[in-house]
Amino acid sequence: MSRKRVHRRTVLQAMAGTGFLLTLSPGFLLTGCDGGVRATELGTLGLDSEEYDVELKLYATPDSVSILPGTPSEVWRYRAELLKGPESTVSENPDSYLGPTIRLRRGQTVKIHIHNELPEDTTVHWHGLHVPSDVDGQPRLPIRPGEMMTVGFEVLDRAGLFWYHSHAHGEQGGRVGFQSYAGLAGLLIVEDDEELGLRLPAGSDELLLVLQDRTFEGANELVYLDGGMGAMMDRMRGFLGDRMLVNGTPPTTRNVATRPYRLRVLNGSNARIYKLAWSDERPITVIGADGGLLQQPENKPYVVLAPAQRLDIWVDLSDSRPGSTLELVSDSYEAGMMSGGMMNDGMMGGMGMMGNATLPAGSRFTLMTLEVTDSTNTIEPLPAELARARKKIPVTDATPVRQFELSHAMMRGFAINGRRFAGTTVEDGEKVRLGDTEIWEFRNNTPMPHPMHVHGLQFNVIGRETRGNGRGWSGLTQGLVDSGWHDTVLVMPGEAVQLAMTFERFDGLYIYHCHNMEHEDNGMMRYFQVQS
Ligand SMILES: [Cu+2]
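All figures in this text were calculated on a predicted structure; none of them were measured in a lab.

1. What to know about the overall build of the chain
Reasoning step 1: Tallying secondary structure elements over the chain gives 6 helices and 35 strands in all.
Reasoning step 2: Buried positions account for 48% of the 532 residues belonging to the chain.
Reasoning step 3: Within the chain, counting contacts between residues at least 6 apart in sequence, those at least 24 apart form 78% of the total.

2. Brief notes about the environment of Asn 267
Reasoning step 1: Locating Asn 267 in the fold gives a position in strand 18 (residues 260-267).
Reasoning step 2: C-alpha separation for the pair Asn 267 and Val 246, spaced 21 residues apart in sequence, amounts to 9.8 Å.
Reasoning step 3: Setting aside residues no more than four positions away along its own chain, Asn 267 makes contact with Leu 211, Tyr 274, Leu 305, Ala 306, Pro 307, Ala 308 and Gln 309.

3. Comments concerning the pairing of strand 20 (residues 284-289)
For a regular strand, side-chain orientation follows a simple rule: the groups alternate between the two sheet faces.
Reasoning step 1: Of all 6 residues in strand 20, 5 are buried; the element is thus mostly enclosed.
Reasoning step 2: Here 5 bridges tie strand 20 to strand 21 (residues 292-300), and the two strands are oriented antiparallel to one another. Each bridged residue has a counterpart across the sheet, and for Val 286 the counterpart in strand 21 is Glu 298.
Reasoning step 3: Here strand 20 hands over to strand 21 after 2 residues, the two strands then running antiparallel side by side.

4. Here's the deal with the sheet that holds strand 9 (residues 160-166)
Reasoning step 1: Reading across from one edge, 4-5-12-9-7 is the order of the 5 strands in this open sheet, with mixed pairing throughout. Edge positions in the sheet fall to strand 4 (90-91) and strand 7 (124-127), since each of these pairs with one other strand and no more.
Reasoning step 2: Pairing geometry for strand 9 and strand 12 (residues 185-191), over 6 bridges, is antiparallel. Note on strand 12: the bridge partner recorded for Phe 162 is Leu 188.

5. Topic: the sheet that holds strand 16 (residues 243-246)
Reasoning step 1: Spatially, 16-13-18-23-20-21 is the arrangement adopted by the 6 strands of the open sheet, whose pairing is mixed. In this open sheet, the two strands that pair with only one neighbour each are strand 16 and strand 21. Mean inter-strand twist for the sheet, computed between neighbouring axes without regard to direction, equals 30°.
Reasoning step 2: Of the pairings in the sheet, the one linking strand 20 to strand 23 (residues 310-316) comprises 3 bridges and is antiparallel in character. Opposite Val 286, over in strand 23, you have Ile 313 as the bridge partner.

6. Notes on the environment of Thr 325
Reasoning step 1: Following the sequence through the fold, Thr 325 ends up in strand 24 (residues 325-330).
Reasoning step 2: Put simply, Thr 325 and Thr 253 are 72 residues apart on the chain and 9.1 Å apart in space, counted from C-alpha to C-alpha.
Reasoning step 3: For Thr 325, the contacting residues outside a window of four places in its chain are Thr 369, Leu 370 and Glu 371.

7. Description of helix 5 (residues 228-237)
Reasoning step 1: Here helix 5 has its buried residues at Met 233, Asp 234, Met 236 and Arg 237. Buried residues of helix 5, seen end-on, are gathered within an arc of 160° and therefore sit on one face of the element. Among the exposed residues of helix 5, those oriented more than 90 degrees off its buried face are Gly 228 and Met 232.
Reasoning step 2: The positive-phi residue at the C-terminal boundary of helix 5 is Gly 238, with phi of around 100°.

8. Things to note about the nonpolar core
Reasoning step 1: The biggest cluster of nonpolar side chains holds 114 residues, and the ones touching the most others in it are Val 265, Leu 276 and Val 303.
Reasoning step 2: Residues within four places of Val 265 in sequence aside, it is in contact with Leu 209, Leu 211, Leu 276, Leu 305, Arg 310, Leu 311 and Ile 313.

9. Focus on unusual backbone geometry
Reasoning step 1: Even without being glycine, Arg 199 reaches a positive phi, approximately 50°.
Reasoning step 2: Looking at where Arg 199 falls in the secondary structure, it is placed in the loop between helix 4 (193-196) and strand 13 (206-214).
Reasoning step 3: Arg 199 gets classed as exposed once you count the C-beta atoms within 10 Å, which come to 10.

10. Comments concerning the environment of Gln 458
Reasoning step 1: Position of Gln 458 among the secondary structure elements: in the loop between strand 30 (450-454) and strand 31 (460-466).
Reasoning step 2: Not counting chain neighbours up to four residues away, the residues in contact with Gln 458 comprise Gly 128, Asp 290, Gly 291, Trp 485, His 486 and Asp 487.

11. Overview of the confidence of the model for the chain
Reasoning step 1: Residue-level pLDDT values for the chain average 87, and 87% of them are 70 or greater.
Reasoning step 2: pLDDT under 50 marks residues 1-42. Its contacts with residues more than four places away, or in other chains, come to 60 contacts.

12. What about the pairing of strand 30?
Reasoning step 1: Judged by how many residues are buried, strand 30 sits mostly within the fold: 5 of 5 residues are covered.
Reasoning step 2: Of the two faces of strand 30, the one holding His 450, Met 452 and Val 454 and the one holding Pro 451 and His 453 are both buried throughout.
Reasoning step 3: Pairing analysis gives 4 bridges linking strand 30 to strand 32 (residues 488-491), with the strands arranged antiparallel. Paired with His 453 across the strands is Thr 488, a residue of strand 32.
Reasoning step 4: With 3 bridges connecting them, strand 30 and strand 34 (residues 508-514) associate as antiparallel partners.

Cut-offs and rules
- Residues numbered from 1 in each chain as written.
- Predicted model: local features only at pLDDT ≥ 70, side-chain atom pairs only at ≥ 80, totals over all residues.
- Helix = DSSP H or I, 4+ residues; strand = E, 2+ residues; numbered from the N terminus.
- Buried ≥ 20, exposed ≤ 12 C-beta atoms within 10 Å, placed from the backbone.
- Contact = placed C-beta atoms within 7 Å.
- Pairing = 2+ DSSP bridges.
- Axes fitted to C-alpha atoms, helices over the stretch in contact; angles between N-to-C directions.
- Arc of directions from axis to C-beta.
- Core = buried A, V, L, I, M, F, W, Y, C linked by C-beta atoms within 7 Å.
- pLDDT = per-residue confidence, 0-100.

Next up, the structure:
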(Lines give C-alpha, C1' and ligand atoms only; values in the text may rest on other atoms or scores of the structure.)
Protein backbone atom coordinates (compact mmCIF):
# COMPACT_ATOMS: atom_id res chain seq x y z
CA MET A 1 0.00 0.00 0.00
CA SER A 2 1.36 3.41 -0.93
CA ARG A 3 2.15 6.08 1.58
CA LYS A 4 -0.56 8.26 0.04
CA ARG A 5 -3.33 5.90 1.00
CA VAL A 6 -2.08 5.51 4.54
CA HIS A 7 -2.00 9.27 4.84
CA ARG A 8 -5.61 9.49 3.67
CA ARG A 9 -6.79 6.92 6.17
CA THR A 10 -5.21 9.05 8.83
CA VAL A 11 -7.18 12.06 7.68
CA LEU A 12 -10.45 10.16 7.61
CA GLN A 13 -9.97 8.79 11.08
CA ALA A 14 -8.98 12.21 12.31
CA MET A 15 -12.26 13.70 11.13
CA ALA A 16 -13.83 12.42 14.32
CA GLY A 17 -12.30 15.55 15.80
CA THR A 18 -8.81 14.86 17.15
CA GLY A 19 -6.26 17.61 17.32
CA PHE A 20 -3.63 16.54 14.83
CA LEU A 21 -6.03 17.30 12.02
CA LEU A 22 -4.97 20.91 12.31
CA THR A 23 -1.43 20.08 11.35
CA LEU A 24 -2.55 17.96 8.40
CA SER A 25 -4.79 20.66 7.01
CA PRO A 26 -4.45 24.08 8.61
CA GLY A 27 -7.70 25.97 8.79
CA PHE A 28 -9.72 22.78 8.73
CA LEU A 29 -11.45 23.39 12.03
CA LEU A 30 -11.70 27.15 11.70
CA THR A 31 -14.97 27.14 9.81
CA GLY A 32 -17.27 27.49 12.74
CA CYS A 33 -18.66 31.00 12.68
CA ASP A 34 -21.90 30.30 10.89
CA GLY A 35 -23.85 28.12 13.32
CA GLY A 36 -24.01 24.51 12.18
CA VAL A 37 -21.19 24.84 9.67
CA ARG A 38 -18.32 22.70 10.77
CA ALA A 39 -16.35 19.63 9.95
CA THR A 40 -18.01 16.65 11.59
CA GLU A 41 -18.10 12.94 11.18
CA LEU A 42 -16.21 10.71 8.83
CA GLY A 43 -15.75 12.45 5.52
CA THR A 44 -18.52 15.05 5.87
CA LEU A 45 -17.25 18.59 5.38
CA GLY A 46 -19.06 21.90 5.54
CA LEU A 47 -22.75 22.17 6.37
CA ASP A 48 -23.84 19.44 8.74
CA SER A 49 -27.56 18.88 8.78
CA GLU A 50 -30.06 16.13 9.53
CA GLU A 51 -31.97 16.85 6.35
CA TYR A 52 -30.81 18.07 2.98
CA ASP A 53 -33.02 19.30 0.13
CA VAL A 54 -30.73 17.75 -2.45
CA GLU A 55 -28.43 14.78 -2.17
CA LEU A 56 -26.35 13.29 -4.95
CA LYS A 57 -23.39 11.10 -5.72
CA LEU A 58 -20.75 12.51 -8.02
CA TYR A 59 -18.19 10.14 -9.55
CA ALA A 60 -14.89 11.23 -11.09
CA THR A 61 -14.18 8.33 -13.39
CA PRO A 62 -12.31 7.18 -16.51
CA ASP A 63 -14.54 6.74 -19.55
CA SER A 64 -14.48 6.79 -23.32
CA VAL A 65 -16.64 9.11 -25.39
CA SER A 66 -17.09 9.69 -29.12
CA ILE A 67 -15.91 13.24 -29.75
CA LEU A 68 -14.72 13.04 -33.37
CA PRO A 69 -15.82 10.52 -36.03
CA GLY A 70 -14.07 7.19 -35.57
CA THR A 71 -12.53 5.81 -32.43
CA PRO A 72 -13.94 7.08 -29.12
CA SER A 73 -11.52 9.13 -27.01
CA GLU A 74 -10.34 8.19 -23.54
CA VAL A 75 -11.43 10.85 -21.04
CA TRP A 76 -11.87 11.47 -17.33
CA ARG A 77 -15.32 12.73 -16.52
CA TYR A 78 -17.96 13.29 -13.86
CA ARG A 79 -21.12 11.22 -13.56
CA ALA A 80 -23.91 11.89 -11.10
CA GLU A 81 -26.65 9.97 -9.42
CA LEU A 82 -29.47 11.92 -7.80
CA LEU A 83 -30.46 10.46 -4.44
CA LYS A 84 -32.84 13.17 -3.30
CA GLY A 85 -34.29 16.38 -4.72
CA PRO A 86 -36.15 17.65 -7.81
CA GLU A 87 -35.70 15.58 -11.02
CA SER A 88 -34.38 18.69 -12.76
CA THR A 89 -31.35 18.83 -10.42
CA VAL A 90 -29.17 16.63 -12.62
CA SER A 91 -29.16 16.59 -16.44
CA GLU A 92 -26.61 14.26 -17.99
CA ASN A 93 -24.74 15.21 -21.14
CA PRO A 94 -24.68 11.69 -22.58
CA ASP A 95 -22.85 12.53 -25.82
CA SER A 96 -20.13 14.57 -24.16
CA TYR A 97 -17.28 14.15 -21.69
CA LEU A 98 -18.70 17.10 -19.74
CA GLY A 99 -20.15 16.34 -16.35
CA PRO A 100 -23.91 16.55 -15.80
CA THR A 101 -25.41 20.03 -15.52
CA ILE A 102 -26.42 20.53 -11.89
CA ARG A 103 -29.35 22.90 -11.33
CA LEU A 104 -29.87 24.22 -7.78
CA ARG A 105 -32.20 26.72 -6.15
CA ARG A 106 -30.97 29.45 -3.84
CA GLY A 107 -31.65 28.42 -0.24
CA GLN A 108 -31.43 24.67 -0.86
CA THR A 109 -29.20 22.57 1.35
CA VAL A 110 -27.10 20.19 -0.67
CA LYS A 111 -25.10 17.10 0.19
CA ILE A 112 -22.72 15.62 -2.38
CA HIS A 113 -20.78 12.37 -2.04
CA ILE A 114 -17.71 12.65 -4.27
CA HIS A 115 -16.22 9.31 -5.34
CA ASN A 116 -12.73 9.27 -6.81
CA GLU A 117 -12.44 6.41 -9.30
CA LEU A 118 -9.35 7.93 -10.93
CA PRO A 119 -5.81 6.61 -10.53
CA GLU A 120 -4.68 9.84 -8.81
CA ASP A 121 -5.83 12.40 -6.22
CA THR A 122 -8.57 14.80 -7.19
CA THR A 123 -10.84 17.47 -5.70
CA VAL A 124 -14.04 19.16 -6.87
CA HIS A 125 -14.11 22.96 -6.74
CA TRP A 126 -17.52 24.71 -6.95
CA HIS A 127 -16.28 27.64 -8.97
CA GLY A 128 -17.83 30.94 -7.88
CA LEU A 129 -19.98 29.59 -5.07
CA HIS A 130 -19.86 31.15 -1.61
CA VAL A 131 -19.24 27.97 0.39
CA PRO A 132 -17.28 27.06 3.54
CA SER A 133 -13.54 26.69 3.09
CA ASP A 134 -13.59 22.92 3.62
CA VAL A 135 -16.18 22.44 0.86
CA ASP A 136 -14.29 24.55 -1.67
CA GLY A 137 -12.40 21.62 -3.24
CA GLN A 138 -9.00 23.00 -2.37
CA PRO A 139 -5.83 20.98 -2.98
CA ARG A 140 -5.23 20.72 0.80
CA LEU A 141 -8.14 18.26 1.04
CA PRO A 142 -7.50 15.74 -1.73
CA ILE A 143 -9.70 12.73 -2.33
CA ARG A 144 -7.40 9.76 -2.81
CA PRO A 145 -7.99 7.09 -5.47
CA GLY A 146 -10.81 4.76 -4.45
CA GLU A 147 -12.04 7.05 -1.69
CA MET A 148 -15.13 9.16 -1.12
CA MET A 149 -15.62 12.57 0.46
CA THR A 150 -18.97 14.05 1.44
CA VAL A 151 -19.52 17.80 1.35
CA GLY A 152 -22.56 19.75 2.50
CA PHE A 153 -23.47 23.36 1.81
CA GLU A 154 -26.35 25.77 1.55
CA VAL A 155 -26.85 27.53 -1.77
CA LEU A 156 -26.29 31.14 -0.71
CA ASP A 157 -25.51 32.71 -4.07
CA ARG A 158 -28.00 34.60 -6.18
CA ALA A 159 -28.97 33.05 -9.50
CA GLY A 160 -26.14 32.57 -11.96
CA LEU A 161 -24.11 30.20 -14.06
CA PHE A 162 -21.33 28.55 -12.08
CA TRP A 163 -19.26 25.45 -12.77
CA TYR A 164 -17.39 22.69 -11.05
CA HIS A 165 -14.00 21.30 -11.94
CA SER A 166 -10.90 19.61 -10.60
CA HIS A 167 -8.56 21.62 -8.38
CA ALA A 168 -6.00 18.90 -7.68
CA HIS A 169 -2.38 19.52 -6.91
CA GLY A 170 -0.10 16.48 -7.08
CA GLU A 171 3.26 15.93 -5.46
CA GLN A 172 5.01 16.96 -8.67
CA GLY A 173 2.91 20.10 -9.15
CA GLY A 174 -0.49 21.28 -10.28
CA ARG A 175 -2.91 18.84 -11.92
CA VAL A 176 -5.74 21.28 -12.62
CA GLY A 177 -4.73 21.73 -16.26
CA PHE A 178 -4.45 18.01 -16.93
CA GLN A 179 -7.57 16.90 -15.09
CA SER A 180 -9.83 19.64 -16.45
CA TYR A 181 -8.48 19.00 -19.94
CA ALA A 182 -9.18 15.28 -19.54
CA GLY A 183 -12.84 16.23 -19.03
CA LEU A 184 -13.39 16.90 -15.33
CA ALA A 185 -15.73 19.89 -15.57
CA GLY A 186 -19.46 20.55 -15.60
CA LEU A 187 -21.98 23.39 -15.33
CA LEU A 188 -23.79 24.36 -12.14
CA ILE A 189 -26.80 26.64 -12.44
CA VAL A 190 -28.29 28.48 -9.47
CA GLU A 191 -31.87 29.73 -9.82
CA ASP A 192 -33.77 32.10 -7.57
CA ASP A 193 -37.17 33.78 -7.40
CA GLU A 194 -35.86 37.16 -8.52
CA GLU A 195 -34.47 35.77 -11.76
CA LEU A 196 -37.38 33.42 -12.47
CA GLY A 197 -39.71 36.42 -12.09
CA LEU A 198 -38.10 38.07 -15.12
CA ARG A 199 -39.34 35.31 -17.45
CA LEU A 200 -36.11 35.18 -19.44
CA PRO A 201 -35.96 32.61 -22.26
CA ALA A 202 -35.95 29.15 -20.66
CA GLY A 203 -36.17 25.49 -21.58
CA SER A 204 -35.14 25.00 -25.20
CA ASP A 205 -34.73 28.80 -25.53
CA GLU A 206 -31.86 28.76 -23.03
CA LEU A 207 -28.67 27.62 -24.79
CA LEU A 208 -25.80 26.50 -22.56
CA LEU A 209 -22.38 26.67 -24.19
CA VAL A 210 -19.08 25.39 -22.79
CA LEU A 211 -16.14 26.55 -24.92
CA GLN A 212 -13.00 24.42 -24.91
CA ASP A 213 -10.13 23.81 -27.30
CA ARG A 214 -8.50 20.41 -27.66
CA THR A 215 -5.80 18.66 -29.64
CA PHE A 216 -6.21 15.12 -30.94
CA GLU A 217 -3.68 12.74 -32.41
CA GLY A 218 -3.68 9.22 -33.83
CA ALA A 219 -6.89 7.37 -33.00
CA ASN A 220 -8.62 10.45 -31.57
CA GLU A 221 -6.41 10.54 -28.50
CA LEU A 222 -6.49 13.75 -26.52
CA VAL A 223 -3.05 15.32 -26.34
CA TYR A 224 -1.90 17.58 -23.52
CA LEU A 225 1.63 19.01 -23.07
CA ASP A 226 3.25 16.26 -25.11
CA GLY A 227 6.84 16.95 -24.11
CA GLY A 228 9.75 18.87 -25.61
CA MET A 229 10.09 22.55 -26.44
CA GLY A 230 6.42 22.84 -27.43
CA ALA A 231 5.29 21.64 -24.02
CA MET A 232 7.59 24.10 -22.30
CA MET A 233 6.10 26.93 -24.32
CA ASP A 234 2.60 25.62 -23.63
CA ARG A 235 3.31 25.84 -19.92
CA MET A 236 4.44 29.42 -20.31
CA ARG A 237 1.62 30.82 -22.41
CA GLY A 238 -1.02 28.24 -21.46
CA PHE A 239 -2.21 25.27 -23.49
CA LEU A 240 -3.92 26.02 -26.80
CA GLY A 241 -5.68 23.17 -28.61
CA ASP A 242 -5.76 22.96 -32.38
CA ARG A 243 -9.56 22.72 -32.70
CA MET A 244 -12.67 23.98 -30.96
CA LEU A 245 -15.18 21.92 -29.04
CA VAL A 246 -18.49 23.34 -27.83
CA ASN A 247 -20.17 21.26 -25.13
CA GLY A 248 -17.62 18.56 -25.87
CA THR A 249 -18.34 18.25 -29.59
CA PRO A 250 -17.26 20.09 -32.74
CA PRO A 251 -19.37 23.25 -33.32
CA THR A 252 -22.88 22.52 -34.59
CA THR A 253 -25.92 24.17 -36.13
CA ARG A 254 -28.98 24.65 -33.95
CA ASN A 255 -32.50 25.12 -35.24
CA VAL A 256 -34.17 28.15 -33.68
CA ALA A 257 -37.38 30.12 -34.04
CA THR A 258 -38.12 33.82 -34.49
CA ARG A 259 -38.00 34.70 -30.82
CA PRO A 260 -35.49 35.76 -28.14
CA TYR A 261 -32.86 33.33 -26.85
CA ARG A 262 -30.62 33.29 -23.83
CA LEU A 263 -27.05 32.10 -24.34
CA ARG A 264 -25.16 31.20 -21.20
CA VAL A 265 -21.52 30.74 -22.05
CA LEU A 266 -18.66 29.31 -19.98
CA ASN A 267 -15.05 29.51 -21.07
CA GLY A 268 -13.94 26.09 -19.84
CA SER A 269 -10.66 26.22 -21.76
CA ASN A 270 -7.27 25.93 -20.15
CA ALA A 271 -5.90 29.17 -21.57
CA ARG A 272 -7.74 30.45 -24.64
CA ILE A 273 -9.45 33.87 -24.55
CA TYR A 274 -12.51 34.33 -26.78
CA LYS A 275 -13.74 37.50 -28.49
CA LEU A 276 -17.42 36.66 -28.92
CA ALA A 277 -19.30 38.42 -31.70
CA TRP A 278 -22.26 37.88 -34.04
CA SER A 279 -21.46 37.16 -37.68
CA ASP A 280 -23.82 39.97 -38.87
CA GLU A 281 -22.04 42.43 -36.54
CA ARG A 282 -25.13 43.18 -34.51
CA PRO A 283 -24.17 44.19 -30.95
CA ILE A 284 -23.92 41.57 -28.24
CA THR A 285 -26.53 42.18 -25.54
CA VAL A 286 -24.99 41.14 -22.22
CA ILE A 287 -27.40 40.47 -19.37
CA GLY A 288 -25.16 38.71 -16.87
CA ALA A 289 -21.65 37.76 -15.86
CA ASP A 290 -19.99 35.30 -13.43
CA GLY A 291 -22.12 36.21 -10.43
CA GLY A 292 -25.51 36.54 -12.09
CA LEU A 293 -27.54 39.20 -13.87
CA LEU A 294 -26.29 42.74 -14.43
CA GLN A 295 -28.45 45.59 -13.19
CA GLN A 296 -29.32 46.54 -16.78
CA PRO A 297 -28.61 44.95 -20.16
CA GLU A 298 -25.51 46.31 -21.91
CA ASN A 299 -24.78 46.37 -25.63
CA LYS A 300 -21.19 45.77 -26.75
CA PRO A 301 -19.69 45.36 -30.24
CA TYR A 302 -18.12 42.10 -28.96
CA VAL A 303 -17.40 40.56 -25.56
CA VAL A 304 -14.24 39.04 -24.12
CA LEU A 305 -14.46 35.75 -22.27
CA ALA A 306 -11.32 34.61 -20.43
CA PRO A 307 -10.81 31.14 -18.92
CA ALA A 308 -13.34 30.37 -16.13
CA GLN A 309 -15.49 33.42 -16.89
CA ARG A 310 -19.18 33.20 -17.78
CA LEU A 311 -21.40 35.53 -19.78
CA ASP A 312 -25.15 35.64 -20.13
CA ILE A 313 -26.20 36.91 -23.56
CA TRP A 314 -29.67 37.75 -24.87
CA VAL A 315 -30.41 37.73 -28.58
CA ASP A 316 -33.68 38.52 -30.31
CA LEU A 317 -34.28 36.61 -33.54
CA SER A 318 -37.87 37.83 -34.00
CA ASP A 319 -36.93 39.90 -37.06
CA SER A 320 -35.01 37.04 -38.67
CA ARG A 321 -36.18 35.53 -41.92
CA PRO A 322 -36.95 31.80 -41.79
CA GLY A 323 -34.05 30.03 -43.51
CA SER A 324 -31.51 32.63 -42.45
CA THR A 325 -28.51 31.83 -40.25
CA LEU A 326 -26.57 33.71 -37.61
CA GLU A 327 -23.19 32.59 -36.31
CA LEU A 328 -21.66 33.12 -32.91
CA VAL A 329 -17.97 33.54 -33.67
CA SER A 330 -14.78 34.18 -31.82
CA ASP A 331 -13.38 37.10 -33.77
CA SER A 332 -9.72 37.67 -34.56
CA TYR A 333 -7.52 39.83 -32.35
CA GLU A 334 -3.83 40.49 -31.97
CA ALA A 335 -2.66 38.45 -29.01
CA GLY A 336 1.05 39.15 -28.90
CA MET A 337 3.79 36.64 -29.63
CA MET A 338 4.24 35.55 -26.05
CA SER A 339 0.71 34.24 -25.94
CA GLY A 340 0.84 32.16 -29.09
CA GLY A 341 -0.90 34.72 -31.23
CA MET A 342 -0.32 35.87 -34.77
CA MET A 343 2.81 37.91 -35.27
CA ASN A 344 2.50 41.29 -36.97
CA ASP A 345 3.62 39.97 -40.33
CA GLY A 346 0.74 37.54 -40.30
CA MET A 347 2.94 34.54 -39.61
CA MET A 348 1.37 32.33 -37.02
CA GLY A 349 3.23 32.44 -33.74
CA GLY A 350 2.34 28.82 -33.25
CA MET A 351 4.51 27.82 -36.18
CA GLY A 352 7.56 29.60 -34.87
CA MET A 353 9.21 29.42 -31.51
CA MET A 354 5.98 29.62 -29.52
CA GLY A 355 4.94 25.99 -29.58
CA ASN A 356 2.94 24.02 -32.09
CA ALA A 357 -0.61 25.38 -31.92
CA THR A 358 -2.30 25.36 -35.29
CA LEU A 359 -5.18 27.49 -33.97
CA PRO A 360 -3.23 30.46 -32.60
CA ALA A 361 -4.60 32.77 -29.93
CA GLY A 362 -6.63 35.45 -31.67
CA SER A 363 -7.76 33.25 -34.59
CA ARG A 364 -11.28 33.69 -35.91
CA PHE A 365 -13.62 30.68 -35.87
CA THR A 366 -17.29 29.80 -35.60
CA LEU A 367 -18.64 28.47 -32.29
CA MET A 368 -22.28 27.91 -33.15
CA THR A 369 -24.64 28.47 -36.08
CA LEU A 370 -28.25 29.40 -35.41
CA GLU A 371 -30.55 28.47 -38.28
CA VAL A 372 -34.01 29.99 -38.19
CA THR A 373 -36.42 27.18 -39.05
CA ASP A 374 -39.61 28.21 -37.29
CA SER A 375 -41.80 31.28 -36.79
CA THR A 376 -43.46 32.21 -33.52
CA ASN A 377 -45.37 35.23 -32.38
CA THR A 378 -44.92 35.07 -28.63
CA ILE A 379 -42.25 37.53 -27.65
CA GLU A 380 -41.23 38.28 -24.07
CA PRO A 381 -39.47 41.66 -24.14
CA LEU A 382 -36.15 41.99 -22.33
CA PRO A 383 -36.75 43.79 -19.01
CA ALA A 384 -34.94 47.12 -18.71
CA GLU A 385 -34.12 46.36 -15.06
CA LEU A 386 -32.66 42.92 -14.44
CA ALA A 387 -31.41 42.94 -10.89
CA ARG A 388 -32.17 45.09 -7.88
CA ALA A 389 -31.53 42.77 -5.00
CA ARG A 390 -27.77 43.03 -4.64
CA LYS A 391 -26.17 46.43 -4.13
CA LYS A 392 -22.60 47.07 -5.21
CA ILE A 393 -19.96 46.80 -2.49
CA PRO A 394 -19.49 50.27 -0.98
CA VAL A 395 -15.91 51.56 -1.07
CA THR A 396 -14.48 54.84 0.24
CA ASP A 397 -11.06 56.50 0.34
CA ALA A 398 -10.59 54.66 3.63
CA THR A 399 -11.09 51.19 2.16
CA PRO A 400 -7.75 49.38 2.49
CA VAL A 401 -5.95 48.45 -0.74
CA ARG A 402 -3.97 45.24 -1.03
CA GLN A 403 -1.60 44.97 -3.99
CA PHE A 404 -0.57 41.83 -5.83
CA GLU A 405 2.24 41.98 -8.39
CA LEU A 406 1.93 39.33 -11.08
CA SER A 407 5.29 38.27 -12.41
CA HIS A 408 6.93 35.71 -14.63
CA ALA A 409 10.44 34.29 -14.60
CA MET A 410 11.46 32.47 -17.77
CA MET A 411 11.99 28.77 -16.94
CA ARG A 412 10.83 29.25 -13.36
CA GLY A 413 7.14 29.80 -13.91
CA PHE A 414 4.88 32.42 -12.39
CA ALA A 415 4.56 34.21 -9.06
CA ILE A 416 2.28 36.55 -7.12
CA ASN A 417 4.16 39.16 -5.08
CA GLY A 418 7.30 37.17 -5.84
CA ARG A 419 5.90 34.02 -4.23
CA ARG A 420 5.01 30.78 -5.91
CA PHE A 421 2.41 28.31 -4.70
CA ALA A 422 3.66 26.81 -1.44
CA GLY A 423 0.84 24.68 -0.09
CA THR A 424 -1.17 26.22 2.71
CA THR A 425 1.57 28.69 3.65
CA VAL A 426 0.01 32.12 4.22
CA GLU A 427 2.17 35.25 4.56
CA ASP A 428 1.18 38.38 6.49
CA GLY A 429 0.02 40.09 3.32
CA GLU A 430 -2.41 37.23 2.71
CA LYS A 431 -4.48 37.45 5.89
CA VAL A 432 -7.78 39.30 5.90
CA ARG A 433 -10.44 39.88 8.57
CA LEU A 434 -13.83 38.22 8.40
CA GLY A 435 -16.43 40.89 7.56
CA ASP A 436 -13.94 43.37 6.11
CA THR A 437 -14.24 45.05 2.74
CA GLU A 438 -10.99 45.53 0.84
CA ILE A 439 -9.76 46.62 -2.56
CA TRP A 440 -7.49 44.05 -4.18
CA GLU A 441 -5.30 45.39 -6.94
CA PHE A 442 -3.73 42.93 -9.37
CA ARG A 443 -0.79 44.48 -11.26
CA ASN A 444 0.31 42.59 -14.35
CA ASN A 445 4.07 42.88 -14.97
CA THR A 446 4.16 40.18 -17.63
CA PRO A 447 3.57 40.23 -21.39
CA MET A 448 0.65 37.79 -20.98
CA PRO A 449 -2.93 38.32 -19.81
CA HIS A 450 -3.94 36.67 -16.53
CA PRO A 451 -7.56 35.80 -15.62
CA MET A 452 -7.34 36.16 -11.83
CA HIS A 453 -9.81 34.16 -9.73
CA VAL A 454 -10.58 34.61 -6.04
CA HIS A 455 -12.30 31.69 -4.33
CA GLY A 456 -15.38 31.85 -2.16
CA LEU A 457 -16.82 35.22 -3.17
CA GLN A 458 -18.05 37.52 -5.93
CA PHE A 459 -16.38 40.91 -6.37
CA ASN A 460 -16.99 44.18 -8.23
CA VAL A 461 -14.43 45.45 -10.74
CA ILE A 462 -13.99 49.11 -9.77
CA GLY A 463 -11.05 50.26 -11.88
CA ARG A 464 -8.51 49.52 -14.60
CA GLU A 465 -5.34 51.45 -15.37
CA THR A 466 -2.90 50.80 -18.16
CA ARG A 467 0.67 51.32 -17.09
CA GLY A 468 2.26 51.03 -20.52
CA ASN A 469 3.62 47.75 -21.84
CA GLY A 470 0.13 46.72 -22.95
CA ARG A 471 1.02 46.41 -26.62
CA GLY A 472 -0.92 44.10 -28.85
CA TRP A 473 -4.07 43.65 -26.81
CA SER A 474 -6.00 46.83 -27.66
CA GLY A 475 -8.37 44.82 -29.86
CA LEU A 476 -10.09 43.44 -26.78
CA THR A 477 -10.56 46.60 -24.74
CA GLN A 478 -14.14 47.40 -25.73
CA GLY A 479 -15.35 43.90 -24.95
CA LEU A 480 -14.45 43.67 -21.28
CA VAL A 481 -17.56 43.32 -19.12
CA ASP A 482 -16.67 44.93 -15.79
CA SER A 483 -20.09 45.75 -14.38
CA GLY A 484 -21.97 43.30 -12.21
CA TRP A 485 -20.46 40.51 -10.13
CA HIS A 486 -17.42 38.45 -10.93
CA ASP A 487 -15.17 35.79 -9.50
CA THR A 488 -12.61 35.94 -12.33
CA VAL A 489 -11.21 39.11 -13.89
CA LEU A 490 -8.94 39.44 -16.91
CA VAL A 491 -5.84 41.52 -16.14
CA MET A 492 -4.17 42.57 -19.39
CA PRO A 493 -0.40 42.96 -19.84
CA GLY A 494 0.73 46.18 -18.20
CA GLU A 495 -2.63 46.68 -16.53
CA ALA A 496 -3.61 47.24 -12.89
CA VAL A 497 -7.16 46.17 -12.02
CA GLN A 498 -8.93 47.07 -8.77
CA LEU A 499 -11.57 44.83 -7.23
CA ALA A 500 -13.88 45.50 -4.29
CA MET A 501 -14.63 42.44 -2.17
CA THR A 502 -16.08 41.59 1.21
CA PHE A 503 -15.07 38.50 3.19
CA GLU A 504 -18.44 37.37 4.45
CA ARG A 505 -19.67 34.57 6.66
CA PHE A 506 -16.89 31.96 6.33
CA ASP A 507 -13.43 32.11 7.81
CA GLY A 508 -10.55 29.77 7.01
CA LEU A 509 -8.32 29.21 4.02
CA TYR A 510 -9.23 30.14 0.46
CA ILE A 511 -7.23 30.44 -2.74
CA TYR A 512 -6.52 33.15 -5.27
CA HIS A 513 -4.84 32.32 -8.55
CA CYS A 514 -4.57 32.79 -12.27
CA HIS A 515 -7.15 30.68 -14.10
CA ASN A 516 -4.91 30.14 -17.07
CA MET A 517 -4.58 26.57 -15.82
CA GLU A 518 -0.97 26.18 -16.89
CA HIS A 519 -0.04 29.39 -15.06
CA GLU A 520 -1.98 28.19 -12.02
CA ASP A 521 -0.25 24.81 -12.13
CA ASN A 522 3.11 26.52 -12.51
CA GLY A 523 3.10 28.61 -9.37
CA MET A 524 0.59 31.44 -9.93
CA MET A 525 -1.62 30.43 -7.03
CA ARG A 526 -1.58 31.21 -3.31
CA TYR A 527 -3.71 30.60 -0.26
CA PHE A 528 -5.17 33.50 1.73
CA GLN A 529 -6.72 33.27 5.15
CA VAL A 530 -9.94 34.83 6.39
CA GLN A 531 -9.49 35.34 10.13
CA SER A 532 -12.35 35.79 12.54
CU1 LIG B 1 -1.88 33.68 -15.75
